[in-house]
Amino acid sequence: MAYRHGNRRQNMLLPSSIEQYVPQEAPVRAYDAFVDSLDFEQLGIKIEPDKAGCPEYDPKMMLKLLVYGYSYGVRSSRKLERESHYNLSFIWLTGGMKPDHKTIAEFRRRNKVALANVLRQCARVCIELGLIEGNTLFVDGSKVRANACIDNTWDRDRCTRRLEKIDARVTEILSECEQADQKECNDFSLVKMQKELADTKDLRVKVQGILNRLNAEDKKSLNTTDSDCAKIHGRQGSHAGYNAQTVVDEKHGLIVSSDVVNENNDLHQFARQINNAAQTLGKKPETGCADAGYSSIKELAKIDNQDIKVIVPSSRQASGKPPGPFDRCNFKYDKDRDIYICPEGKILRYTGTDTKKGSREYCAEARVCKECRNFGLCTISRYGRGVNRKADEELAEKLAVQYEQPESQKIYELRKQKAELPFGHIKHNLNVNGFLLRGLAGVKAEMSVLASCFNIVRMINIIGVSELITRLGC
């Protein structure tokens, strides 16, 4: 059987155009149409074809290069430059233009705010195409590494310890220099000690500057490489990073909004993320759902007060463990009498208010508890069993019951399918192990682009390349 061989030196009668490099159903054409459909003025990027001076690369082409590159895990400016030289899809997308890595990096750096707005326009395109309904929203978060090392994270204790060591070392060097002077040494060691003394004093100035900044900004810690990042605790240990947030629509799992915060947990994010998504949608959702990491009653109350159904389990509900016979939830509250009734039918009366925690305290009589057959199981306190009631206890009970409803359980079961898919795609398919840009503005821009890339992939899978291009009006 004969083999078929290629011939790189074969001459062609008519050279192919760049337009023929990719087929009509190639995904790159959908990315091209999507970026063309964006309103660059709203993004904050000026299109000035008649601008005087040396011509620069078309901002639309540069944004296409970034979005398409991010969609295939190519984020480095040097790798994007390489792809624009050798990858046919990139060559077609840029029209044969080959910006160098410095130009790409500078465009990304100068347009952080515009990049952060890409997802909002992307979500509105999805709404116009009928792919986002905005009735039920799922909130989820994931830790992402910062472009910084955790070894460069300083807190007050570390600064204080390092300053003590530096001061001790300065004293030693001065003593050694004095001894060398007394011996009238002219060797190289004296010069070396003087250089070390100067370096040590410079280090002290830097460490003192970090400590002054911690005090001035009232921060617990500060990373000298990326001052906005936080010390994140995740499954892979502790590292310098950020907490990325997404709000996903129920219908097709498309991302409505994204955000990045420098907090180690999600407790303060539910209301903020739902409200951000509502601004993009232009309406309030009917339901907001999240996992137990968002179960801060103060945050949930902000959404519940807007007549939005909240489906968020408490920590106890999320654990799935059945409550014990003398668990607090088995003590019934009588609102009219302002008392608690224990499982044995005994009364716990109001005894005072904890002003720090903002909770009311209820306690049974010590004599009654000691005579009870469950003394030692229910409590071992000689003052009797006590129960605290928080100021927002009534809302917590309402949300707990709301979560247990069959309709709520069906919605909550969808959470993993909808809310966790985007982060799985971004982290594993696109191999995003960390952000490239530094500072909150930079990481928010990157997250917006990554979320938009996920939405474009979903749109292509749902309605196809040709149909998407047609519906985008390109």
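Residues numbered from 1 in each chain as written. Predicted model: local features only at pLDDT ≥ 70, side-chain atom pairs only at ≥ 80, totals over all residues. Heavy atoms only, no water.

**Q** Help me get a handle on the layout of surface pockets, residues and values and all.
**A** By volume, the largest pocket amounts to about 1100 Å³. Taken together, 33 residues make up the lining of the largest pocket; nearest its centre are Ile297, Arg328, Lys390, Glu393 and Ala396. Mapped by element, the contributors of at least two residues to the lining of the largest pocket are α12 (297-304), α13 (315-319), β9 (332-334), β13 (386-390) and α15 (393-404). Of the residues forming the lining of the largest pocket, the biggest block, 7 residues, is contributed by α15. Considered class by class, the residues forming the lining of the largest pocket number 13 nonpolar, 8 polar and 12 charged. By volume, the second largest pocket amounts to about 810 Å³. (1 Å grid on protein atoms, 1.4 Å probe; cavity = no way out; pocket = protein on both sides within 12 Å on 5 of 7 lines; lining within 4 Å. Points joined across faces, edges and corners; volume = space filled by probe spheres on them. Helix = DSSP H or I, 4+ residues; strand = E, 2+ residues; numbered from the N terminus. Nonpolar A, V, L, I, M, F, W, Y, C, P; charged D, E, K, R; others polar.)

**Q** Describe the pattern of salt bridges, listing the residues and the values that go with them.
**A** Applying the stated rule across the entire model yields 21 salt bridges. The shortest N-O distance in the salt bridge between aspartate 291 and arginine 415 comes to 3.7 Å. Of this pair, aspartate 291 sits in the loop between β7 (287-289) and α12 while arginine 415 is found in helix α17 (residues 415-419), placing the two residues 124 residues apart along the sequence. Each member of the pair, aspartate 291 as well as arginine 415, carries the same accessibility label: buried. Put simply, arginine 367 and glutamate 371 hold a salt bridge, and the shortest N to O gap is 3.7 Å. (Salt bridge = Lys/Arg side-chain N within 4 Å of Asp/Glu carboxyl O. Buried < 20%, exposed > 50% of the residue type's maximum accessible area, 1.4 Å probe, protein only.)

**Q** Tell me what's going on with the pairing of strand β5 (residues 237-249), and back it up with residues and numbers.
**A** In terms of burial, β5 is largely enclosed, as 11 of its 13 residues are buried. Strand direction decides the pairing type here: strand β1 (residues 136-145) and β5, joined by 9 bridges, are antiparallel. When the bridges of β5 are listed, valine 139 appears paired with valine 247. From the end of strand β4 (residues 230-234) to the start of β5, which pair antiparallel, there are 2 residues. With 6 bridges joining them, β5 and strand β6 (residues 255-261) adopt antiparallel strand pairing. When the bridges of β6 are listed, glutamine 245 appears paired with aspartate 259. Between the antiparallel neighbours β5 and β6 lie 5 residues, among them glycine 253 with a positive phi of about 70°. (Pairing = 2+ DSSP bridges.)

**Q** Tell me about the packing of aromatic side chains, and please be specific about residues and values.
**A** As enumerated under the stated definition, the model contains 11 aromatic pairs in all. On the numbers, 5.2 Å between centres and 75° between planes, the contact of tyrosine 340 with tyrosine 362 is edge-to-face. Of this pair, tyrosine 340 sits in strand β10 (residues 339-341) while tyrosine 362 sits in strand β12 (residues 359-363), and the two are 22 residues apart along the sequence. Comparing tyrosine 340 with tyrosine 362 shows no difference in burial state: the two are buried. On the numbers, 5.8 Å between centres and 65° between planes, the contact of tyrosine 350 with tyrosine 362 is edge-to-face. Taken together, the residues tyrosine 350 in strand β11 (residues 347-354) and tyrosine 362 in strand β12 connect sequence positions 12 residues apart. For tyrosine 362, a relative accessible area of 1% corresponds to the buried category. Each residue in the set Tyr31, Tyr68, Tyr72 and Phe90 is aromatic and connected to the rest through ring pairs, giving one cluster. It is arginine 158 that lies over the ring of tryptophan 154; its NZ or CZ is 3.9 Å from the centre. The ring of tyrosine 333 has arginine 389 lying over it, and the distance from NZ or CZ to the ring centre is 3.8 Å. (Phe/Tyr/Trp six-rings, centres within 6.5 Å; stacked < 30°, edge-to-face > 60°. Lys NZ or Arg CZ within 6 Å of the ring centre and 35° of its normal.)

**Q** Describe empty space enclosed by the protein, and please don't skip the residues or the numbers.
**A** Using the criterion set out here, one finds 3 cavities of 30 Å³ or more in the structure. Estimates place the volume of the largest cavity at around 120 Å³. Considering the residues around the largest cavity, the lining is formed by 16 residues, among which Cys342, Lys346, Cys369, Cys372 and Cys378 are closest to the centre. Broken down by class, the residue content of the lining of the largest cavity amounts to 11 nonpolar, 2 polar and 3 charged. The space that makes up the second largest cavity amounts to roughly 40 Å³. Lining the second largest cavity, in full, are Leu66, Tyr70, Arg108, Leu115, Leu437, Ala445, Glu446 and Val449. Of all the secondary structure elements, the ones that give two or more residues to the lining of the second largest cavity are α3 (59-71) and α19 (440-463). Per-element accounting of the lining of the second largest cavity gives the leading share, 3 residues, to α19.

It is worth stressing that arrangement in space is one thing and function is another; only the former is reported here.
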